[in-house]
Each structure stands twice: as structure tokens, then as C-alpha cells.
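Tertiary structure, described
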Amino acid sequence: MRIALFATCLADAMFPRAAQATVVLLERLGHEVVFPSGQTCCGQMHVNTGYQREALPVVEHHVDVFETALRPRAQGGDGVEAVVAPSGSCVGSVRHQHAVVARRMAEQGRADTGLAARAEAVAAKTYELSELLVDVLGVTDVGARYPHRVTYHPTCHSLRMLRVDDKPLRLLRAVHGLDLVELPDAEQCCGFGGTFSVKNADTSTAMLADKIRAVQTTRSEVVTAGDSSCLMHIGGGLSRLRVGTKTVHLAEILAGEGWEAAL
Amino acid sequence: MTTSARDEVLRRIRTALGRTGGAAPQPSPVPRDYRTSLGQEPGAPGLLDLLVDRLVDYKATVHRCAPDAVGATVAAALAARGARRLAAPSGLPAGWLAAADVETVTDGAAQDGGALPVATLDAVDGVVTGCAVAVAQTGTIVLDSSPDCGRRALTLVPDYHLIVVRADQVVGSVPEALPRLDPDRPLTWVSGPSATSDIELDRVEGVHGPRTLVVVLVEG
Amino acid sequence: MTTFLGMPGLPVATERGTLRGPDTFPVAARRALADTQLRKNLGHATSTIRAKRARVVGELDDWEELRAAGAAIKADVMARLPELLVQLEENVTARGGHVHWARDADEANRIVLDLVRAAGTPDDPVTSVVKVKSMATQEIGLNEALAEAGIAAVETDLAELIVQLSDDTPSHILVPAIHRNRAEIRQIFLDHMPDVDPGLTDEPRVLAMAARAYLRRTFLAARVAVSGANFAIAETGTLAVVESEGNGRMCLTLPQTLVTVMGIEKLLPTWRDLEVFLQLLPRSSTGERMNPYTSMWTGAPRTSDGAPDGPQEFHLVLLDNGRTATLADEAGRQALHCIRCSACLNVCPVYERTGGHAYGSVYPGPIGAVLTPQLAGMHGHGADAPAGGDPVDSLPYASSLCGACFDACPVRIDIPSMLVHLRAKHVETAQAQRRVPGLPASAENAAMSAAAWVMQDAGRFSFAERGLQLGRLLARDGRIRSLPPPLSAWTTSRDVPAPPAETFRKWWARTRGDRS
Ligand code: SF4
């Protein structure tokens, strides 16, 4: 399948390994990945902080870029059948926020009335990595080997916005050599919440402290998740406390140990 | 003053809804895809077992008996409690207290001076009543102020409440109970003895209502 | 009060300080987070109730269908609110009750006070009333208003009594004393409850018995009761109060006069609708299949023989107090569907750690964060001023948007989306107020505008990424331990990884650049 990668701004700038591993994994599974170079960001930070007017051009831009990617090549597009992002919350934003912003801005006379429908059309073809693998491509065993003790944190937006359910766990269970340990109170938020982590830093840190305590009880070498943002938060706490447990994006584990050799 | 507040609030609501005069909208259809019945006839053995299980779970004491043993079962329960002076509603079936060695004061009865004062209710050892309907799934018994239930104070002030439930009064779920009740009557839905979850959100039984709830379930 | 939000002509609540606290959420939360006893009490209580709720909800295989029905019924109520209220009024009146309407808190308090006074005589005035726990009367500050007129309001719900005895404020909509543990409650009783047994232990059962003994005489002698209502049935005029202890039954049954104060949104159209809500509410609130007692009455209630059964003077006060302003916002209206079960508080990771006082409103937790700003109005300051600004404006930000509240809500209120909506309203209000030509409204606004300018163009974005690479200079061992404000709020407790040597975009161009 021909698939467009939405790397997300955070992975592009700060955590390229998550996006690189997604490419390596999908190519290994025999798919063709394209990277529409005009892409930037989904605008989620703006929307979640209340800046919907400012988010509007970012949303418009995202819709433009991926609408083109999804258009058949004969019509000047990239002819991709799906868009994938290694992030539950960015896909959540595309799927649940873009049309809302478009409608609100159209009501205020700031956006084109057709934008919401275009955003919905792009959203309908946009998948988080585990959704793409399990639901669209129909694989759970991606043929990876990763001989480490790992615990999985289901990020809030994967879990409750996208309802990815146990798809990431099914993928992880099929990874050879991986010792998967259940995370206590896994479904509790890690406290990131975008600008919440700065605006309400004390509460955010209190939530993080409990998440780190839970991670520690698993005695895992690695904590994984489908979102670089939450991993940045958990990893920031683990690093500050010198816990030793590493954060690794789900895509990197599914790409398999030694995937960097393919870089 | 009050009239104008009424008009004002109603006007504000219409403005808020963007309704400028005109007829009220039709009720919108409600998707009622939930269970409206457990699929068992009132009094079915499965329902009786479920009711007992749920009552016991919420710390009610349950005695099951045949129709001809109600008097004896009630008498034994009251004797075990050591109850000597009981309140009863005016329409309590005659046989229920016949075998009990107790003095009975009847609410609303002329010989007992009409409606029993609260002080009298506070001084009796307990009260015996029937009920209107029982809900097996939730362990709930509904009192409806009919002659065998009595008025609400009667079953509230005494510390011990014994309710006789007939098998045919036991339905499966809440949706099966409501059509059997008259909204014009004051209703009390009782699920176990009085309790509170206010201390550390854990349930403990026994606060202001009757601290002991005994149910005699009449089968067959 | 004026507000920039909502529709013109729809005033928000008149406040008695019950919705707007003294501090913004971040400031109040910081204080609460430092209280280890509070953290322990809340952690214990919320995890207990979460487990109980999960167990009883799991027993019903039609839970999702019940939620869908509950949501649909409430949406229908809002759409037909004027007609349903009038229908309720007719039915209550036809059965011997009286209906009053109150535009705001002051008006509601005046009505109740007049009714309490009318229940006494010049020789024998009513000097106290018994109360069933009610959010509406807390919201309007009724106890304080009655106290000013020399009438004592005795709270009879155990948790409410604990709060009242210790001169505290409620911190939870169902269990106002959730922030207290058994040892603290014992001490409050010993210090403030007249005639209490000095040998009192901290056994919950013993504490409950002490409350029973303390309130018993008060109940039996009460002449006037004040209550709220969980539901009112338009079709029949029936009111319902859901409770546990029997204090509700005492108040609703024994006095001669009953005054019920109810928000206009508490309606249900039909008797049958109770079949949905009597299943949703107890399982969501106390985690029980059914709460111990539910009382229902219609007008001045009579037994089937026609004898009086309970208060023959019944007054229903229908309260607006900002509800119509809430109704005017289509995206915020859903907050009025709330049945005050408190499930969203119990599952909220923010509430669990800060407790209810941090919200500064009688409505704390996720529902409070969306209801309070709509009832009380936001003022537009505080978007980027965690320490200053308006406490109410800080509430929509008091959430990590984790979504646990939506999943728990028995009537499917989409609290996370509403929080995002209210944040947008807040920012738009701030922008409208502080617009100086050519200047953004605040530093945060300036940063957001700049970021948006960068993010709408890949060229600008990759240029900005180059700037980010400079961050590598700040890193030691691959991590950055300190950043300047406002990002210092992050680095006080969390490291930031060093930016990578090569962005994804550059890697792609280098390895696969010829492909698209
Ligand atoms: S918003 Fe929903 S979950 Fe929260 S108290 Fe209201 S009804 Fe309950």
C-alpha cells in the first residue's frame, strides 16, 4: 500500500527516531511510504490552549497538504491510500478537532464553509500507527525481535479519543523475545496534557510522580507508548530522577532491535 | 414579583434556545435499546433468588416461607429481636401478626387515637408492613402508602422494619417496577437498611432510617 | 454583573461567593498538593469508589444503551424546557403544591426566607430548618442568607454535617467531606458536637451512630425542611430525592412545611424516564445497584386512603441563576445535562490530587470546570497569568484533557470538548478586551501567534527547527535540566532531551529525498 507519513512536528524536530522507525517498519512490511514535504503540525497545541483562530491557518495547511497526498497521481496528488502518524494525540486532533475548529471559524466568518467537510475527508483516511497496522494492514506480528523487559503506557488520546483499545498490546505481545509487564493503573494520565504541563505544572508533576512510581514497580528496562509527547513527559521525569528506565516509542520496538541499521 | 420572575425566566429560556414564538418542538425520539425487562414473570424462582441475594448483599435479613407460614415466620423474627411493642398500618393482613406475642399500635386506628404521634413511633420496638413491589436486580422494595404499607413516617421513625413481600410482587428490574406504581402516591424505595458512604466512601449500615431491615419473602 | 460571554440579555448568576474562589486554580492547587494528609484521604476515597463503580457498572450489559438514552432524554428536556416547566408547574399545583420562580440567588433566598417566616407565628416563629444536602441551595448560599435573618439551617447529611460542624466548605458534590478521614471526623465530632460521648472511636459505624443520636431530636421536632431534588417529572409533577442515610426521608416526611429548591434543568419529561435515571445515578454515584432510599412525592402527598402523608405545605422554587446563560451556548449547553453523580470527579486525575477546594466553586472537578465558568461568567483575564487573573477563567485549563470524565459520565457529557470550547471562549474574550492595534493581547498570545505563523509553512518550520538545534548547546549528557520562563515550569521537575543532530525532515531528504 502507498501510505503518506504525517511525522508530526514533535517527532520531526525532537524525536525523529519515532518517524524513522515508522518508515523502516512499513517498508519492511512491503509498503511504500511517502513524506509530503509541505507538512508541519496538526495545530493541537493551539486548539487545546484556546487559540482556535491562530490554529485555523495551521489546520487549513494540514488539510491542503494531505488532501493533495490522498489525491490520485493522475490528478496531481501522491495517490496514497492512507495517512499514518506515530501519535495518538495528533491523529485525535485531526479526527476530532479539525472539523470543530473549521465549523467554529466558519461561524465567525473566518473560514471557508467547505473546510470542515474537507477536514473530515482527510481525517477519515488518517490512522495512528497501531490502527493502521491492525485494522488497515491486518497484521499483528510484524516480525520484530526485541529481547527486553517492557511496560506499555496507553496514552489518553489513543485510549479514549481514538479507542485503539488493546491493539498496541497485541502488536507488542507478538514481538519475539519481548517480556511485556503490565503497568499498574495504566489508564491514568501521565500528567502531560500539552500546555497543561506548564500552566498547571504542580498538578502535572504530581500526576507524573505517580506514573513514574507505577513504572518503577514493573522493573522494566523500557517504557513504551504511541505518543512522543507523553514519552517526553515520562522520560523527562525518569531522566531527572535517574531511574534508568528508558522511553522508547512503540514504532521503534515494532521496527525491531537493530532497526537503525536500515537508516 | 413571582409572576414576573416566571415570565422572565421563561423568556430567557426561549431566547437562549433561539426560539422566537411559535409552537413547541415535538418530543425527540429516545433510543430505548436498554433492557426493559429481565424476561421473567413476576415471582419466577430465579427472580426470588436474585432478590434474596441482593438484599443480603446490602445487609438485610431475609426469611423465606410458604403462604401459610407467614404468621409463624413473622412471630419468630420478632421474638428473636425481642420486640414487644409494634406499630402497624391500618390495612395489615390479619394473619401476619396473629402468632406474634406483641402489643400492636395501629396507625390511623380510632382506638389508638388516629395518626400515631412521632413520639409514639419513636418509642415502639419496630414496625411491620407489606409493600407495593420489589425489584430483584437491585434488591429494592417499594412502599406506596397503600393500607398495608401505611404512611411514610410509620416506616421511618421505628428502628426496626419488617416487610412482608409476596412472590407475585417481585419483578426483575427497575423498568418493570415503574408501571406498577402510582406517581400520585408518596413512594419510598428501600434498598437495605439505612446506610452511609460519607466516611472514606465506604458503605456502613445504620444511620437515621431503620437500622435493621428484615424481609419475609412469601413463596408459592 | 456584566459579562462578555453568552447572549446579550442573559445575565449570569448573582454570586454570593459560592462559584468564584479567592485564588486561581494553579495557586490553590499548589497549596492542596502540599497537604499530604489530604492527598492520602483523596487517593483512598477515590480509588475505593472507582472500584465500586466499575464493579456495579460491569454488572449491566446494557450500560451503554442506558447512557445513550439518558443523554437523549436530557437533550430533549433542554429543547422543550419552557413547555416542560409549565407542565410541571401545572401538575404540582393541581396536587396542592405551590411553585415559585427565581431569576437568581438573591431572589431564591428571599422566597425561601419568606416561606420559612410564614411557617411560624408571631408568638412561635420558626428559628431553624432542617436541610437535605442540595447543590442548588449551596450554590445560592441559602444557609448564609437564612443565618443573616436569624434562622439556623441544620445540615442533616452526614458529610454535610461534618463540614458544617467544622466550619469548613464542601470539596465534593456527593461527599462534601471527602477530604476528611475517620480520625479527623472523630476529632471534629469531639470538638463541636454537643453532648457527644467522649469515648467516641473512629469506627465509621460509631461515628454514624453519633450523628444519629445528635440529629434525632432535631428531626422529630422540625417544622420546616429545605431540600433539593434529583429529578422532577413534568408529566406527573413528581419530585424525587435519592439518598442513603434516611436524613432525606426525615426531612421530606416529618415537618409540616417543605421547600424544595431546584435548578430548572433537573426535569425529566415522563414517569417512564425514571427507569433510565434510577439505574444510571446510583451506580455512578455511590457505586451501588440502588441507593438505600429514594423518596418520591407529588404536591401535598396523601395516602391511598386520602390521609395526609408528609408535608402538606409544599413549595417548589425553580431556579435560573445563570442556567439560561449556559443554555444559550450550544457548545456548552450539555453541562446542564449533569445529574450530579460525581463519577467524573472520582475518576479525574487532577481532582484526585488537588481535591475540590482548589476549584474555588461549589461545583468542583471536571463538571465544575465546565459548569462554573458558564454559570458565573468568565472575564477574559488570566490566560497567561497563572498567579493573577480570574479564578473562574483558570478553571477550563484545570485539566490534562485525558478524557476519563467523559467515559465515566452516565449521561455522556463530552466534558473534554467543552473544556476546549471554553478555553477558546476565554481567549477570544481576552483578545476582544485587550486588543491594541498591532499588539497581541498577551505574551502567551504573542507566542501562540508566532508559532502559528511558523506552523503554516514548511519552509518557516524547517528554519525554526534549525534554531531548535541550538538547544544542543544547553544539553549535558543528552539532557537539558533548566530552561528560562515560562518553560522553567517544565524543567523544575522534568528534563528535556537534547534536540537531535538531524531532524526527520533532513534525514528524509538525505536518504529518500528523490521520492516525493
Ligand atoms: S458531569 Fe456526568 S459524571 Fe460528572 S457529575 Fe455530572 S452526570 Fe456525573
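The following refers to the structure shown. Small disclaimer: the values here were computed from a predicted structure and weren't measured.

With that settled, consider empty space enclosed by the protein. This model, assessed by the stated rule, comprises six cavities of 30 Å³ or more. Roughly 610 Å³ of internal volume is contained in the largest cavity. Along its surface, the largest cavity is lined by 35 residues, and Lys133, Ile173, Leu174, Asn230 and Val242 of chain C are the ones closest to its centre. Looking at the lining of the largest cavity, the elements with two or more residues in it are β10 (195-199) of chain B together with α6 (135-139), β6 (238-243), α11 (247-253), β7 (257-263) and α12 (274-285) of chain C. When its residues are assigned to classes, the lining of the largest cavity shows 14 nonpolar, twelve polar and nine charged.

Turning next to the layout of surface pockets. Roughly 1,300 Å³ of internal volume is contained in the second largest pocket. Lining the second largest pocket are 41 residues, with Val100 and Arg104 of chain A together with Ala331, Ser417 and His421 of chain C sitting closest to its centre. Of all the secondary structure elements, the ones that give two or more residues to the lining of the second largest pocket are α3 (44-49), α4 (52-70), α6 (98-107) and α9 (156-161) of chain A together with α18 (404-408) and α19 (415-434) of chain C. Of the residues forming the lining of the second largest pocket, the biggest block, nine residues, is contributed by α19 of chain C. Per-class residue counts for the lining of the second largest pocket are 16 nonpolar, 13 polar and twelve charged. Here the lining of the second largest pocket gathers at least three residues from each of two domains, domain 1 (2-136) and domain 2 (149-262) of chain A.

What follows concerns the sheet that holds strand β1 (residues 98-102) of chain C. Sheets are built from strands paired through backbone hydrogen bonds, the pairs being either parallel or antiparallel. Residue and element names in this part refer to chain C. Here we have six strands laid out as an open sheet, ordered β1-β10-β7-β4-β2-β3, and parallel in their pairing. The open sheet has two edge strands, β1 and β3 (152-155), and neither has a second partner. Averaged over neighbouring strand pairs, the angle between their axes works out to 25° when direction is ignored. As paired elements, β1 and strand β10 (residues 313-319) share five bridges and run parallel to each other. Within the sheet, the bridge partner assigned to Trp101 lies in β10 and is Leu318. Across the sheet, helix α4 (residues 81-94) is in contact with β1, β7 and β10; its angle to β1 comes to roughly 145°. Against the sheet, helix α5 (residues 105-118) engages β1, β2 (128-131), β4 (224-227), β7 and β10, with an angle of about 145° to β1.

Moving on to the packing of aromatic side chains. Going through the model one piece at a time under the given rule, you end up with eleven aromatic pairs over all chains. With 5.1 Å between their ring centres and 70° between their planes, Phe35 of chain A and Phe504 of chain C make a pair best called edge-to-face. With Phe35 of chain A in the loop between β2 (32-34) and α3 and Phe504 of chain C in helix α23 (residues 504-512), this residue pair bridges two chains. For the pair shown, Phe35 of chain A and Phe504 of chain C are each scored as buried. Between Trp297 of chain C and Phe314 of chain C, the ring centres sit 5.7 Å apart and the planes meet at 85°, which makes this aromatic pair edge-to-face. Here the residue Trp297 of chain C occupies a position in strand β9 (residues 293-298), and Phe314 of chain C occupies one in strand β10, the gap between them amounting to 17 residues. The pair formed by Trp297 of chain C and Phe314 of chain C is uniform in burial state, with each residue classed as buried. In this structure, Arg203 of chain B is placed above the aromatic ring of Tyr58 of chain B, and the distance from its NZ or CZ to the ring centre is 4.0 Å.

Rules of the game
- Residues numbered from 1 in each chain as written.
- Chains lettered and ligands numbered in written order.
- Predicted model: local features only at pLDDT ≥ 70, side-chain atom pairs only at ≥ 80, totals over all residues.
- Heavy atoms only, no water.
- 1 Å grid on protein atoms, 1.4 Å probe; cavity = no way out; pocket = protein on both sides within 12 Å on 5 of 7 lines; lining within 4 Å.
- Points joined across faces, edges and corners; volume = space filled by probe spheres on them.
- Helix = DSSP H or I, 4+ residues; strand = E, 2+ residues; numbered from the N terminus.
- Nonpolar A, V, L, I, M, F, W, Y, C, P; charged D, E, K, R; others polar.
- Domains from an automatic or database assignment.
- Pairing = 2+ DSSP bridges.
- Axes fitted to C-alpha atoms, helices over the stretch in contact; angles between N-to-C directions.
- Contact = heavy atoms within 4.5 Å.
- Phe/Tyr/Trp six-rings, centres within 6.5 Å; stacked < 30°, edge-to-face > 60°.
- Buried < 20%, exposed > 50% of the residue type's maximum accessible area, 1.4 Å probe, protein only.
- Lys NZ or Arg CZ within 6 Å of the ring centre and 35° of its normal.

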